[in-house]
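Chain residues, written in single-letter form:
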Amino acid sequence: MPTTTVIDTIHHVIYDTVHTSVYDTIHSVSFDTVRTFDTVRVQLDSVFTIDLLNKAQNFYSDSFSDLQMVFTIFIAIIAIIVGYKFFNDKALLKRTIKDTVEETKNTFNETFEEQRQQMSKLTSFVKDTQTSFQKTADDMKTRFKESFDKQTNETARLLMLVKEIHEQGILNWITQARLAKTQNQYFHSFMCYDYALDAVVKHYDKTFVQYGRIALEELGKNISVLNTSANKVKIIQSILEKIENFKNCLLNTNYDSDKNMADKEKTYVNDSLSLITSMKLLFEHELKESMQ
């Protein structure tokens, strides 16, 4: 027979024997004994209940402390996990920020380098263009100055030529007037001086003042020849108009920049203005006599 079966049989026999003995003993006890037993049992129960409560209280107190400790440990574990996750996320965020900053920095450096190269090319282009433009401008300025100087010289030459032509015209009238006078053609001589004065006024130059003075003086000396002319009044009126224009030209004379020369020119002009005043009075008087 197996050992397990023997042990089970022994346990069963012992259990039956104990159970029979206890049951018989309980039923052989008297009623008083039962009451006494109940009293004792009640007292024992009271003592047992207090002890049980104390044990229960201690159990629950210990259990709560254990639970509190477990909860604390749980919270600590959660805190450690959360802290680790936060630290890990923070570290990851730092790495992400660092990588982003580094990437942005690299991108910025690349962009800056490209822009620097483009700016360098643009600066070089602008510098070359500026140099070329400056060279072109200098060449144009030089050519313009040469052309301007040439034109200025040519203009001055032409002005001088025109002045010489005008002066030659005035001298021609004065020469004809003198030639006519030598031939006793006094009226023709008078009219030639009149034309000379008219040319002086129309083409005025301060170097022509001397010719105007000659014409005025000769007109004043030979005013009597107009007595034989039917157009005496018109001729005198025309001469008075020329005298007034000659006066205005003298008043607007541009003097030399050199003071000494300017003083001499002013003296000559003032003397000519005095001559004009006297000639004007003479012709006005003759005009008044002719109109009476």
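All of the points below concern the structure found in this document. Throughout this document, residue positions are counted from 1 along each chain, in the order its sequence is written. With pLDDT at 70 or above as the cut-off, local features in this predicted model cover only qualifying residues; side-chain atom pairs require 80 or more to be listed or tallied, and sums for whole chains, interfaces and linings still use all residues. Derived side-chain values reflect all non-hydrogen atoms in the structure, with water molecules and hydrogen atoms excluded from consideration.

### Quick word on the overall build of the protein
And then number 1: Secondary structure is summarised from DSSP: a helix means a run of H or I of at least four residues, a strand means a run of E of at least two, and numbering begins at the N terminus for each. Scanning the protein from terminus to terminus reveals six helices and zero strands.
And then number 2: Reading the protein from its N end, one meets helices and strands in the order α-α-α-α-α-α.
And then number 3: Across the 292 residues of the protein, 18% fall into the buried class.
And then number 4: Values of accessible area rely on a 1.4 Å probe in the Shrake-Rupley scheme; residue burial ignores everything except the protein chains shown. Total accessible area on the protein is roughly 22500 Å²; 61% of this is exposed by carbon and sulfur atoms. Per-residue accessibility, obtained with a 1.4 Å probe over protein chains only, is compared with the maximum for each type, and a residue is labelled buried under 20%, exposed over 50%, and partly exposed between these values.

### A short note on the side chain of serine 189
And then number 1: Within the fold, serine 189 resides in helix α3 (residues 186-202).
And then number 2: Every residue in contact with serine 189, bar those within four places of it in the chain, is listed here: Ala177, Ala180 and Lys181. We call two residues in contact whenever any of their non-hydrogen atoms come within 4.5 Å of each other.

### Comments concerning the pattern of salt bridges
And then number 1: What counts as a salt bridge is simple: a side-chain nitrogen of Lys or Arg found within 4 Å of a carboxyl oxygen of Asp or Glu. Applying the stated criterion to the full structure yields 10 salt bridges.
And then number 2: Of the charged contacts in the structure, one is a salt bridge between glutamate 218 and lysine 181, with a shortest N-O distance of 3.7 Å. One end of the pair, glutamate 218, is in helix α4 (residues 209-221); the other, lysine 181, is in helix α2 (residues 31-182), with 37 residues separating them in the sequence.
And then number 3: Accessibility expressed as a relative area gives 14% for glutamate 218, which makes it buried.
And then number 4: On the basis of relative accessible area, lysine 181 is assigned to the partly exposed category, the value being 33%.
And then number 5: The salt bridge partner of aspartate 198 is lysine 202, with a shortest N-O separation of 3.2 Å. Of this pair, aspartate 198 and lysine 202 both sit in helix α3, four residues apart, roughly one helical turn.
And then number 6: Residue lysine 202 is classed as exposed on the basis of its relative accessible area of 60%.

### Quick notes on the environment of tryptophan 173
And then number 1: With respect to the helices and strands, the residue tryptophan 173 is situated in helix α2.
And then number 2: The contacts of tryptophan 173, once residues within four sequence positions are left out, are Cys192, Tyr195 and Ala196.

### Remarks on helix α6 (residues 259-290)
And then number 1: Here α6 spans 46 Å end to end across 32 residues, near enough to the 46 Å set by a 1.5 Å rise per residue.
And then number 2: If you check which residues of α6 are buried, you get Ala262, Glu265, Val269, Ser272, Leu273, Leu275, Ile276, Met279, Phe283, Glu286 and Leu287.
And then number 3: Any N or O atom pair separated by 3.5 Å or less is treated as a polar contact, with the protein-specific requirement of one donor-capable and one acceptor-capable atom, and with residues adjacent in sequence counted only for side-chain atom pairs. Looking at where α6 begins, the residue whose side-chain oxygen comes 3.3 Å from the main-chain nitrogen of asparagine 260 is aspartate 258. A helix is expected to span 1.5 Å for every residue after the first.

### Points about unusual backbone geometry
And then number 1: Of note, the phi angle at asparagine 184 is positive, near 65 degrees, even though the residue is not glycine.
And then number 2: Take asparagine 184: it is sitting in the loop between α2 and α3.

### Re the packing of α4 against helix α5 (residues 232-251)
And then number 1: To define axes, lines are fitted to C-alpha atoms, for helices over the stretch in contact only, and angles between the resulting N-to-C directions are given on a 0 to 180 degree scale. As a packed pair, α4 and α5 sit with axes 12 Å apart at the nearest point and diverge in direction by 150 degrees. As summarised for this structure, α4 and α5 are arranged roughly antiparallel, according to the angle between their axes. Relative to α5, α4 is oriented so that their crossing is left-handed. Where α4 abuts α5, its residues Val209, Gly212, Arg213, Leu216 and Leu219 lie against Ile239, Ile243, Phe246 and Leu250.
And then number 2: Here the contact of α4 with α5 is built from residues that sort into seven nonpolar, one polar and one charged. Under this scheme an angle from 65 to 115 degrees is roughly perpendicular, one under 35 degrees roughly parallel, and one over 145 degrees roughly antiparallel; angles in between are oblique. Crossings are sorted by hand: turned counterclockwise from the far helix by less than a right angle, the near helix makes the crossing left-handed, and turned clockwise it makes it right-handed. Basically, the charged four are Asp, Glu, Lys and Arg, the nonpolar ten are Ala, Val, Leu, Ile, Met, Phe, Trp, Tyr, Cys and Pro, and anything else, Gly included, counts as polar.

### Here we look at the environment of glycine 169
And then number 1: Mapped onto the fold, glycine 169 is located in helix α2.
And then number 2: Looking at glycine 169, the relative accessible area reads 24%, which means it is partly exposed.

### Points about the packing of aromatic side chains
And then number 1: Whether two aromatic rings pair depends on their centres lying within 6.5 Å, for rings of Phe, Tyr and Trp, where Trp uses its six-membered ring; planes under 30 degrees apart make the pair stacked, over 60 edge-to-face, and the rest tilted. Following the criterion strictly, the structure yields two aromatic pairs and no others.
And then number 2: Charges are assigned to positions over rings by a cutoff of 6 Å between ring centre and Lys NZ or Arg CZ, combined with an angular limit of 35 degrees from the ring normal. Over the ring of tyrosine 255 we find lysine 266; its NZ or CZ atom is 5.6 Å from the centre of that ring.

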